[in-house]
Amino acid sequence: MSFGQGGPQSQWDPWKPQSQQPWNSGGGQSPDWAALAEASEARNKRRRLLLVGGGALATVAIGAAVAVAVVSAGGDDQGNNPASLPSADIPSGSASAPSFAPTSAPPPLDPKDFISSAKKDKAPLSPDTLFPGTQLTMAGTVYKKGPTADTRNCASASGGTLPKALTGNGCTRLIRATYSKDGIAVTVGVAVFDTEAQAAKARSQSNKRSFVKSLSGGGVKPFCESGFCRTTGNSYGRYAYFTNAGFTSGKDVTPEDTAVFKAGNDLAQFTVDQIHRRGQVQASAAADQ
């Protein structure tokens, strides 16, 4: 007769702490250890399968959640979408700056080049181009323009030692004009040469006894035909210019007669300015071509 009838048979589970190991109450029989080992092994396999399957499901779930999060982040939030930002060209560190061929503006033309040689000095030349108008104002002083003259015979319009200096260096023309103010008259003469060197040499060969002949008429009384007058001489380009200043009364000029000196200096300055301006006009015309 076996014990334990009348109630449910106890099931022993080694993984459950409250379960009881079945013992055969009859005869002191030993437990079936082989059967117990097989049952335990089967339960261990089943548990490992459950753990592996659960881990795979968890991985799939996490991946799906991340995918949903990524899609959600890129859906409506355009502020974080690089495609919505304005494009800009970012210069490369190796890009070089654009290169340009070296250029330089041509140097300005020198006005003196056009008045230093007859080959380039082609502008019209006459008493009216050198001495235009009817009067001259220099530093507030007004001089009235008188008679003018133009000759190819340079010696005939010069005196003292000047005729030799002019003709000996190839003077081709001598243009004169007279200006006056308050009893003082000045004749300025411009001698024309083919080259700058000729004009400079003629100037260097002139001296205190060299002068252009005074030019009177047209309301200007004769002056500097005798006695002492103040003379000057200089050159610029292919032109040599000289002044002869004195009193229309025939009075001798002394070092104290500053008004006479000023008149001669004013006319000399005006003359060289006119010669230079002649070069400027031709240089400007050549630059525009």
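Keep in mind it's a predicted model, so treat the numbers as computed, not measured.

Engineer: A description of the nonpolar core should follow, citing residues and the corresponding values.
Structural biologist: Counting residues in hydrophobic clusters, the biggest one holds 28 residues, and the most contacted among them are L130, F131, Y179, Y239, Y241, L267 and I275. When residues of this core are traced back to their parent elements, those giving at least two are β1 (135–138), β4 (173–181), β5 (184–192), β8 (239–247) and α6 (258–287). Of the residues forming this core, the biggest block, seven residues, is contributed by α6. When residues no more than four places from it in sequence are discounted, the contact partners of Y179 are F131, L136, Y143, K144, K145, G146, I184, A185, V186, L267 and F270.

Engineer: Account for the packing of aromatic side chains, with residues named and values stated.
Structural biologist: Summed over the entire model, instances satisfying the criterion amount to two aromatic pairs. Pairing F131 with F270 gives two aromatic rings, centres 6.5 Å apart and planes at 35 degrees, and the pair type is tilted. Within this pair, whereas F131 is found in the loop between α3 (127–130) and β1, its partner F270 is found in helix α6, the two being separated by 139 residues in sequence. Through a chain of ring-to-ring contacts, the aromatic side chains of F131, Y179 and F270 assemble into a single cluster. Note that K120 overlies the ring of F114, its terminal NZ or CZ placed 4.2 Å from the centroid. Sitting above the plane of the F247 ring, K251 keeps its charged end 5.0 Å from the centroid.

Engineer: Let's hear about the state of the cysteines: which residues, and what values?
Structural biologist: Considering all chains together, one arrives at two disulfides under this definition. Sulfur-sulfur distance for the disulfide between C154 and C171 comes to 2.1 Å. Taking the sign of the torsion about the S-S bond as the criterion, the disulfide between C154 and C171, at about -75 degrees, is left-handed. Taken together, the residues C154 in the loop between β2 (141–151) and β3 (158–160) and C171 in the loop between α4 (162–168) and β4 connect sequence positions 17 residues apart. Judged on exposure class, the residue C154 and its partner C171 are both buried. In this model C224 forms its disulfide with C229; the gap between the sulfur atoms is 1.9 Å.

Engineer: Let's hear about the sheet that holds β5: which residues, and what values?
Structural biologist: Sheet strands pair via backbone hydrogen bonds, and the direction of the pair is either parallel or antiparallel. Pairing within the open sheet is antiparallel, and its six strands lie in the order β1-β2-β4-β5-β8-β7. Either end of the sheet is taken by a strand with one partner, and the two such strands are β1 and β7 (230–236). Adjacent strand axes in the sheet meet at a mean angle of 25 degrees when their direction is disregarded. Note: β2 against β4, six bridges, orientation antiparallel. Bridging across to β4, D150 finds its partner in I175. Where helix α5 (residues 196–204) meets the sheet, its contacts fall on β7 and β8, and the angle it forms with β7 comes to roughly 155 degrees. Lying over the sheet, α6 contacts β1, β2, β4, β5, β7 and β8, oriented at roughly 155 degrees with respect to β8.

Engineer: Explain the pattern of salt bridges to me, using residue names and the numbers behind them.
Structural biologist: One side chain can pair with another of opposite charge once the charged atoms of both are near each other. Enumeration according to the criterion identifies seven salt bridges in this entry. The salt bridge involving K112 is made with E196; its shortest N-O contact spans 3.0 Å. Residue K112 is found in helix α2 (residues 111–114), and its partner E196 is found in helix α5; the two are separated by 84 residues along the sequence. Classification of E196 as partly exposed rests on a relative accessible area of 31%. What you see here is one network of salt bridges that share partners, running through D121, R238 and R278.

Engineer: Explain the pairing of β2 to me, and be specific about the residues and the numbers.
Structural biologist: Bridge count between β1 and β2: four bridges; the pairing is antiparallel. Pairing of M138 across the sheet is with T141, part of β2. Counting the residues in the hairpin turn of β1 and β2 gives two residues, including A139, whose phi is positive at 55 degrees.

Engineer: Lay out the environment of T134 in plain terms, naming residues and giving numbers.
Structural biologist: Mapped onto the elements, T134 comes out in the loop between α3 and β1. In sequence terms T134 and G146 are 12 residues apart; their C-alpha atoms lie 7.8 Å from each other. Setting aside anything within four residues of it in sequence, one finds T134 in contact with K144 and K145.

Engineer: Got a sec to walk through the environment of A202? Specific residues and values, please.
Structural biologist: Its location among the elements puts A202 in helix α5. C-alpha of A202 to C-alpha of G170: the two residues are 32 residues apart in sequence and 8.8 Å apart in space. Setting aside chain neighbours within four positions, we find A202 in contact with A165, N169 and F193.

Engineer: Run through unusual backbone geometry, naming residues and quoting values.
Structural biologist: In this structure, A139 is a non-glycine residue whose phi angle is positive, near 55 degrees. Mapped onto the elements of the fold, A139 is located in the loop between β1 and β2. At C224, a residue that is not glycine, the phi angle is positive and equals roughly 55 degrees. Structurally, C224 is set in the loop between β6 (210–212) and β7.

Reading guide: rules and limits
- Residues numbered from 1 in each chain as written.
- Predicted model: local features only at pLDDT ≥ 70, side-chain atom pairs only at ≥ 80, totals over all residues.
- Heavy atoms only, no water.
- Core = buried A, V, L, I, M, F, W, Y, C linked by side-chain atoms within 4.5 Å.
- Buried < 20%, exposed > 50% of the residue type's maximum accessible area, 1.4 Å probe, protein only.
- Helix = DSSP H or I, 4+ residues; strand = E, 2+ residues; numbered from the N terminus.
- Contact = heavy atoms within 4.5 Å.
- Phe/Tyr/Trp six-rings, centres within 6.5 Å; stacked < 30°, edge-to-face > 60°.
- Lys NZ or Arg CZ within 6 Å of the ring centre and 35° of its normal.
- Disulfide = S-S within 2.5 Å.
- Pairing = 2+ DSSP bridges.
- Axes fitted to C-alpha atoms, helices over the stretch in contact; angles between N-to-C directions.
- Salt bridge = Lys/Arg side-chain N within 4 Å of Asp/Glu carboxyl O.

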